[in-house]
Structure formats: C-alpha cells, structure tokens
Amino acid sequence: MPRTQADERKPDAKRQWGADRRTEPHPIVPPPVSEGRITRGRLAIVVTITVWACYIAYTIFQQFIEGHASTARLGVEAIVYMLVITGLAASAIAYLITRIGYFYRGRGHQRAPRIMLDEFIGGKTPSLTVLVPSYQEDERTNRNTLLSAALQEYPGLRVTLLIDDPRTPKTRAARDMLLAARALPGKIEAELKVPFHRVSGAFASFDEQVRYRGGYLVVPDDMRRLSDEYQFASNWLYELGAKQDLVDHTDTFFVEHILHPLAADLGQIAGALNKGADEQVALPMARMNQLYRRLLAIFDAQVTSFERKKYVSLSHEPNKAMNLNSYIGLMGGAYQEISTPLGTALVTAGPNRADLVVPNPDYVLTLDADSVLLPEYALRLVHLMEQGAFAQTAVSQTPYSAYPGSATRVERISGATTDIQYIVHQGMTHYGATFWVGANAVLRKKALDEICEVSYEGDWEIKRYIQDRTVIEDTESTIDLGVNGWTLHNYPERLAYSATPPDFGSLAIQRQRWANGGLLILSRLKDQFRAKSKREDKNRFGEYFLRVNYMASIFWSSVCLVVMLVYPFNNDLLNPILLLVSVPYFFMMAADLKHLGYKRSDMLRIYGFNLILLPVNLSGSIASLLQLLTGEKSNFKRTPKVRDRTTAASSYLLLPLALIALCVYTVWHDIQLRQWNNLVFAGLNLLLSTYAMIAFVGLGNTVVDLVTHLRDWLVPPVKPKKVKKAKAKKADVAAAAKPAAVGDWAQVLHYRQEHGATAGQVTVRLQRSDTGAWKTDKSKSSSTRAHLFEEFSFFTVFQPVYNMVNGHVVGYEALTRFADGSNPKDSLGAAQQRGVHIALDAALVQAAIASSQSLPNGTWLAVNVSADLLNRPHELMPLLAEAKRPLVVEVGAAAPEEIAPLGGVRIAIDDLGAGYETLAKLESVRPAFLKLGMETLQGLENETARQAAIRTLAEFADQHGCTVIAEGIETAAQRDALVACGVPFGQGFYLGKPVPVERLLAGVGGW
C-alpha cells in the first residue's frame, strides 16, 4: 500500500511568521559530544566564576576601602547590587554545570540492544499500569495519548484514563468532552483486539505445530507465517495512521514518528524473516517465541477509564495529584459500590461481590494527557529498573521534549526553553540531583507505598502518595522519596514529547503554576540531607546547590532582574567587566539552541520572553510566600487546552507594558546623564521586551484582552438565581410533608434493607411534630426553620464492640458523621445555639435505630443520648421503643445522679479517671457498662501502676454488676494488657473502624 506523508494530508493551517520550521524530532540518542565542546563548556564555568569573584573583590575594594560608598545609601546600594549579581551568576553557573553533566552522561550512555529487550519480554515481566490524568481534554488529544500508551511494547499492559471532568457539565461542549472521554477507552481496546486476536491465534497454532514435531523443531514455513503476522501488524499500523485526523503538528508527529517508525520496524522484521526462510535458515525455538511475544506485547493492552468524582469516598481536590492518588490508593483491592446519603461510595468487598477490582502493579507509569511516548519507553525504563544497580530507583523518566513544527511563535520559543530544560534535567542526574518531572515517569509501586500518607475526610480514608500541598507536586514527592532512601533517574534518551501552550494566555497560567511552590518546600531539603547523613551517604555540595537552584532560582532571578530594572543604581557599580559574567552563559545557551535545531539568535528572544514573563513568575512566587504565611493552599490552575486563544490576565499585560515604559524612561535618563554603561543595558532591555510583547503576545491581542477585562468589570455578567428556586422547592416539600413523631427534619437519609424490591435502602424523614415541641425562633417562618435544621445533614456509622476474650462481636455503637465533615460535637453545639439541639439529638437516635435493622442478630446497639434529651423520658421512650434489638443508652461523663427508668434499656457512662469520682459514679448511677476513654489507656501496656488501677476498677465494677468497655484501642499490646487487667469488652480502630452498615454486611473493617 502507498505510504503517504502525513503533511500531504494535513489541512492548510495558519502559521505565524517565526513559527517552528523543524520537521524532524531530536535523535532518540544524542550524538556524542566533541571534546572541544566539553572544553569550551568547562572554560565558560571558569570564566564566569573568575569574573564574578574579581568583580566582587573590585567592588568591595572600590566602594568600601577606597571610600566611594561615602554615605549609608551608597553602601546599601553596593551591597544590594553585589547580591543581585551573585544571584544571577549563581543561576548562570548552575546551567553551565548541568550542561557539562549532560555531556558526560551522553558520552557514557550504553543503549540496551534490542535482543536484550526481546529476552526481557520473553521472560516474566513485572506488571505495569499506565495512568493518564485528564481534565476536559479534546478527544483527539486523549486518543493520541492513550494510543501511544497502549502501543507500548510491553506485555499485559493496563492503561487507565483518569477522567476528572465535572460530572454535571454546564455546557454542551463540556458534556460532549465527558461523553467522548468515557467512550474512548472502549473504542481503542476494540481496535487493538483485531491484531491481538490474530497474532494470539497464530502463536497458538505455531506452538501446537512445534509440539507435534517434538517441541523444538522450527521449519522455514514457520518463519514465513510469522513474517505474515509482522506484515499484517505493519499494515494495520499504517492504516491506523491513515485514519488519523491531522489538526496540528502534534497529530503529524504521532503519525510520522510513532506509528510509522513502529510499522516500518515491523515490516523490516517481516522482510528479514522471509529472506531467512528463502535461504532455508530456521531460527531457534527461543528466538521465535521472543518474536511472537514482542508482536503480542504491542497490542496486549487493557484500556479502561475511572472517574473519582463519581464516589464520595474519594478526594475531590481539584488537582492532578489527588486524581492520581485516588486511583493509586485503590490498587490491590476489590470494591463494591454502595449508596449513602451523600452519594455513591466505594467500600472493600470480596472478589465475588466486587463491582471494581484494581490490580496492584509492580510499576505505575504516569502520563499527562497532552503527552505521547515512543513505543519503547516503558520497556526500556522498566528493564533498567529491574537491573540490580537500580534496585533503589523509585522514579525513572525521560524529561519530555517539545513537538517539532509548532505553528505559533510563542509555542516555538516555549518549546526551545523546554528542550533546554531537557539538558538541565539530564545534567542534574549526573550530580545526583534528579527531580521528578510529572509529565511522564515510571514509578516503583513499592516506593510509593513507603511514602504514602493517610488522612481522613469525614469517615473516609484518603491516601496521599503524591503530595498536593503545592502545585508542583512532583518536586515535593522527590524529597519524600529521598528521605526514605530512594533515588531518581533520568534515562538519557528522548522517548517522550509533550505539547506547549500555543498562546500567551495559556502559557502564563502554566508558568505561574511552575513558579508556585518551590519556596514552600525549600526548607524540606534539610530533611533529605539529614536522612542521607544517617544512612552514612555522603552529601555533596553540587547536589545541594543544584537542588536549591531548581526550587528557588525562579524567585531570586526574577527579583534580581526587577531590582536591576527598577532601581537607578550608582553608575560606578556597572563596570564593563561585569558583562563577562553573563557572556559565557549566553554564548553556551546559543550554542545549545543551535545544536537542538533552533537559531543562535533565539537566545535573545528567550531573554525578551523571560522579561515579559517576569510578572507571571513573581505572581507564582508571591503565591508561595502567601501560602507559607497563611497556610492556605494555592488554587490549582490547569493549563487550558483549547484551540482558540486564551485571554491573558490584565496584570500580565499591563505590567510588561509598564516595564517597556520604564525602559524608555531609563534610556532617556541615561542619555541625559551620559551614563553610557547603563544605556547599553537599558536599551537592550527595551528592544527585547518590546519585540517579545509584539511577537509573543501581539498588540491586537493585548488590546482585545484589556477591553474584555474592562467590559467584564464595568458590566459583570448576570447569572440566573437558580439557588433560590431550589430552596423554595425544598421548603414547599417540607411544608407539604406529613408530620412524624419527633423532630424538625427535612433531610432524607438512605440505608440498606435486607429484602424486597427496594433492598438496600430505607428512608427516614423526620419533621416538626404537631405539638411544636422543637420550635426554634418563633419570629421565623416554618419554611425558614426547616431550612436551618436541614443544614445538619448526617449519616450513621457503626463501630463493633468485641468480646476480647473470644473475639466475638457483642454489640455496635452508633456514631454520627455529618455531611460537611465537621466534628459531631461542633454540629451539636451549633444546633444548640439555634435552639434545635434536642430535635437534632432525637433525629440522630431515630436514624441510628432505623439504620441498625440490618445489623447481625444477637448483638446490641449502643446510642449516644444527650443529658437534655435524657431528662425528657416521655419523648425519648417512643424513639427507643422502635428498636428491634437490645439497646444501650450512652449518657457520657455528665450523667445525672438519678436517671429515670427507660423500660429495661441499659445505661453506659464514661469514666472520670480511674479514681474516686468514677467509683462514686458507679455506686450512685448503677450503670450496666462503664466505658474507659483513650486518656485512661494512655501508656497502659508499659505502666504497671496504671494496670493496677484499671484492674481494681474492673473488679469494683464487677462487684456492682457493671461491665467495663475500653474505647480507643489502637494496638495489640493495649488489647492484651486490658484482657490481663480483667477488662472483657473493647472497641477501637485496631479492632474495627466505624463504617456504614453496608460495609459491616460485606465483612469489612473488623478484627
């Protein structure tokens, strides 16, 4: 079939003047660096450090020894200026050092030959799951990413699209994106099944024929049949490329540099097999198996999707880190979907009852939805990490490169900085200063488990493997891994490509996010280096310097540049020798750009580009400082993925214009004062910032964006007041419903039933009684009162109480969890302030009793009752009478001296400490149970005096017909010590966590 270049099918697209003219990507393995280039790099470092040291020494001598700094102001100016020069020189030296490391790594890299990879595939390969976090991505973008992941030459691959789109889209476009994302994995998997089933059948037939011949004999016809399979796979890949929609250069790259090279490689193998068969040469059996397994590995992928926002039991934090964490936290488990008052939740279940089973892989590959991988990415990186020398490597990655052929100037220059960063990251690995770059990486699951942090949102367990405290989550996770003794590695090949924002507005959002966070976690470096010292691992200055520069240089470089631009320093400080500090840096960067396929003059364009990005970088750094001071997490702003231009923020437009105006004034001022040294610097900044504003932002775009922001400020859009209508409907429903026995409740709670068509749900609706017993504020209408009470949305969970002697469950304590995740005591306090605390307490009791109907038979139920409701037995007794099992009423430590009879319901009180007060309470109240709190158990397993006190208390309670229950048992040692002290019953997280009744029925959370 004819092989048509993708560009010939590409529709005419608008390309800006100055767009990227490259058509070929960078070589996968960079060519060896010449000795002359390395020598020039070393010389640049020596010159920069020498000139900087000479300038600092000369300035100190001139200003402070000769006395040019004759006033305090001049002295401060000299010190500040030297600090500014030092900061900028440090960043320049860091770049010069890392590029030397990149050269050394390139020269020393030995690429694993293909035969070794085929042998690796032919054996038992570790399991691998690819996770693709996606938020409102175009279907075409998701498809390219998922296909590049699914076509990895890795057997048994599992690819999961983590859809993070809002589940209730507000626009038709958002709805279409969501529906397309949900359908896409199934479409891709169906496409891959065609070649996979064919090759699987051919492999099975080959194996059967070989067995028939005795299990080892291969004939030329076997090679011809294998050649046919390779040729079919090659043609299938070419046809897949022919069906690809070519919208921009990323689609062209996917077809011409991922699909076509893989197809050509398979076609070449097909030709070689045919030629060998024609010469009557038979490959060994092992090699035939390897070739079959390689072909199978290309199409052996399970493609699925997952939406964390479907489940209330998972975090809904709006960032990529928690999207990944939510799914990684499910790995290795089987889960059942249950209905709760707040929505659908995932709870642990047996494999036979599970709605979702998530395998626990050996490795996890994370891949951004706007990135693609070359077919050998996963195979080469996992093969590397399986080598003994890399047993402690937690993250292996190849920093992404920029797609060639971008259509806009800003995308091209941004791509140039991306390719320069590739050099920086590869060089940092040479000095042991690798950072995880989150666009793509292979992660060792064992390492992730070691850095996992567990927290709780309400009653749901939330696991964090990747920190989301900052918006550069991968950087903080790098430190977490380092503290635990894990290392990171940048594989020195170009195997991943990622898109750069095509316009200034979206680029500003991305760069602002990148600048936010480094300062927050800078102090954590000491933890990593302290941990290295404890492991007797040598700390090197080069690693420390490069890590500090990576996290903080955006801040200090931006501040230093702004200070130089804004403040009129003493002319004596600007010595011509100072230019030599920066000249080596700019010359080396220009050479690197030329080597990467760009122009040397792009170095000046990048400088101007960074000038207009100063407000963006500073805003990110200021956001970090604000979070450091206030503790409030910065908002995670996703980079927009739209074909139309993104509007830039007003400050990102006005401040660069102000910078240009300042440069104009500085040039005029320097000419007036004949300060020719300053004039050169000011004139260069004026020229390059003006060029960058015109070329990368555009004068027309600037005007349109500013007018748009002004219009929105003067005439803000009016939103329909839909919320009031919804509240009115709720109020109408509450007013129309029939009154129940107790309370003023308008919230519907759902629980499991055991039988019938509505199995799994019970509806409890508590409303105002006819007597008006629970009135709040008489000045308010009934609908308003119902709304106030309705704010306390809750559901019931149950914690088992165990007989610690035989391990059997004897009862369950009903506990309340509020929908907003607040502490139950805080919600009850708020209800008391509104005068509805007794009504709310009654609602909690009735909901607990209603939801306990499905609890196992032969167990009792403990409910907590406030003292106010306890003093109203005529209102409490009808609630308790609804129970179908034995009840225990827990009245807490503030139990009254006399408690009215509750019709045979047993009483439980809290201890007041293992002293006289508790003993006196036992004699006066005569409860059936005494509950020991966590304070009483503190240090019990190690303190013999505390054990003696509890033993005495247990004996005294037993003499008065009271049984002791220990609360808050968290370890086996505490349980064993309590049993030795004569305490028979216990509850706590070690024995069983509080869970909804559905989880109890599924056998989850018990001891």
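Sequence order as written defines the numbering, with residues in each chain counted from 1. Totals for whole chains, interfaces and linings use all residues, but because this is a predicted model, local features are given only for residues with pLDDT of at least 70 and pairs of side-chain atoms are given and counted only at 80 or more. Water and hydrogen atoms play no part in the side-chain values, which are based on all heavy atoms of the structure.

J.: Just checking my understanding: could you explain the side chain of S414 for this structure?
T.: Per the convention used, a helix needs a DSSP run of H or I reaching at least four residues, while a strand needs a run of E reaching at least two, with both numbered from the N terminus. By secondary structure assignment, the location of S414 is in helix 12 (residues 409–430). Owing to a relative accessible area of 1%, S414 belongs among the buried residues under this scheme. Contact partners of S414, with chain neighbours within four places excluded, come to T500, L507 and R511. Note on classification: 1.4 Å probe, protein chains only; a residue is buried when its accessible area is under 20% of the maximum for its type, exposed when over 50%, partly exposed between these limits. Residues count as neighbours in contact if any of their non-hydrogen atoms are within 4.5 Å of one another.

J.: Would you mind going over the sheet that holds strand 14 (residues 487–490) with me for this structure?
T.: In sheet architecture, strand pairing relies on hydrogen bonds along the backbone and comes in two forms, parallel and antiparallel. In this description, strands pair whenever DSSP reports at least two bridges between them. Taken in spatial order, the seven strands of this open sheet run 3-2-1-7-11-9-14, and their pairing is mixed. Taken across any chain shown, the strands that pair with only one partner, and hence form the sheet edges, are strand 3 (301–306) and strand 14. Going from strand to strand, the sheet's axes swing by 20° on average, the running direction of each strand aside. Alignment of strand 1 (residues 128–134) against strand 2 (residues 157–163), held across six bridges, turns out to be parallel. Note on definitions: angles span 0 to 180 degrees between N-to-C directions of axes, and those axes are lines fitted to C-alpha atoms, for helices only across the stretch in contact.

J.: What is the right way to read the pairing of strand 21 (residues 887–890) from this model?
T.: Residues L887 and V889 line one face of strand 21 and the alternating positions V888 and E890 line the opposite face, and both faces are buried. Relative to strand 21, strand 20 (residues 860–864) runs parallel, the two sharing four bridges. The partner of N864 across the bridge, within strand 21, is E890.

J.: Explain unusual backbone geometry here, please?
T.: Glycine aside, negative phi is the norm for most residues, and most peptide bonds take the trans geometry. One non-glycine residue, Q280, adopts positive backbone phi at about 60°. Along the chain, Q280 falls in the loop between helix 8 (249–278) and helix 9 (285–299). Classification of Q280 as exposed rests on a relative accessible area of 57%.

J.: So what exactly am I meant to see when it comes to the sheet that holds strand 23 (residues 929–932) here?
T.: As summarised here, the arrangement of the eight strands in space is 18-19-20-21-22-23-24-25, forming a closed barrel in which the pairing is mixed. Where strand 18 (residues 794–803) meets strand 25 (residues 985–986), two bridges bridge the pair, whose relative direction is antiparallel. Within strand 25, the position partnered with Y802 by the bridge is G986. With respect to the sheet, helix 28 (residues 837–851) is in contact with strand 18, strand 19 (808–818), strand 20 and strand 21, its orientation differing from that of strand 18 by roughly 60°.

J.: Explain the side chain of R464 here, please?
T.: In this fold, R464 is placed in strand 13 (residues 460–464). The exposure class assigned to R464 is buried, which follows from its relative accessible area of 15%. When neighbours within four sequence positions are excluded, R464 is seen to be in contact with E317, M322, N325, I451, C452, E453, S455 and E457.

J.: I would appreciate a short explanation of the packing of helix 2 (residues 35–65) against helix 19 (residues 579–595) in the present structure.
T.: Pairs of packed helices are described in terms of their axes, by the angle between the two and the distance that separates them. Their axes nearest at 7 Å, the elements helix 2 and helix 19 cross at an angle of 155°. Overall, the two elements helix 2 and helix 19 adopt an arrangement that is roughly antiparallel. Remark: the crossing between helix 2 and helix 19 carries left-handed chirality. Mapping the contact onto sequence places R37, R40, G41, A44, V47, T48, V51 and W52 in helix 2 and L580, V581, P584, M588, A591, D592 and H595 in helix 19. Oblique is the label for every angle not falling under 35 degrees (roughly parallel), over 145 degrees (roughly antiparallel), or within 65 to 115 degrees (roughly perpendicular). In this scheme the crossing of two helices becomes right-handed for a clockwise turn of the near helix relative to the far one and left-handed for an anticlockwise turn of less than a right angle.

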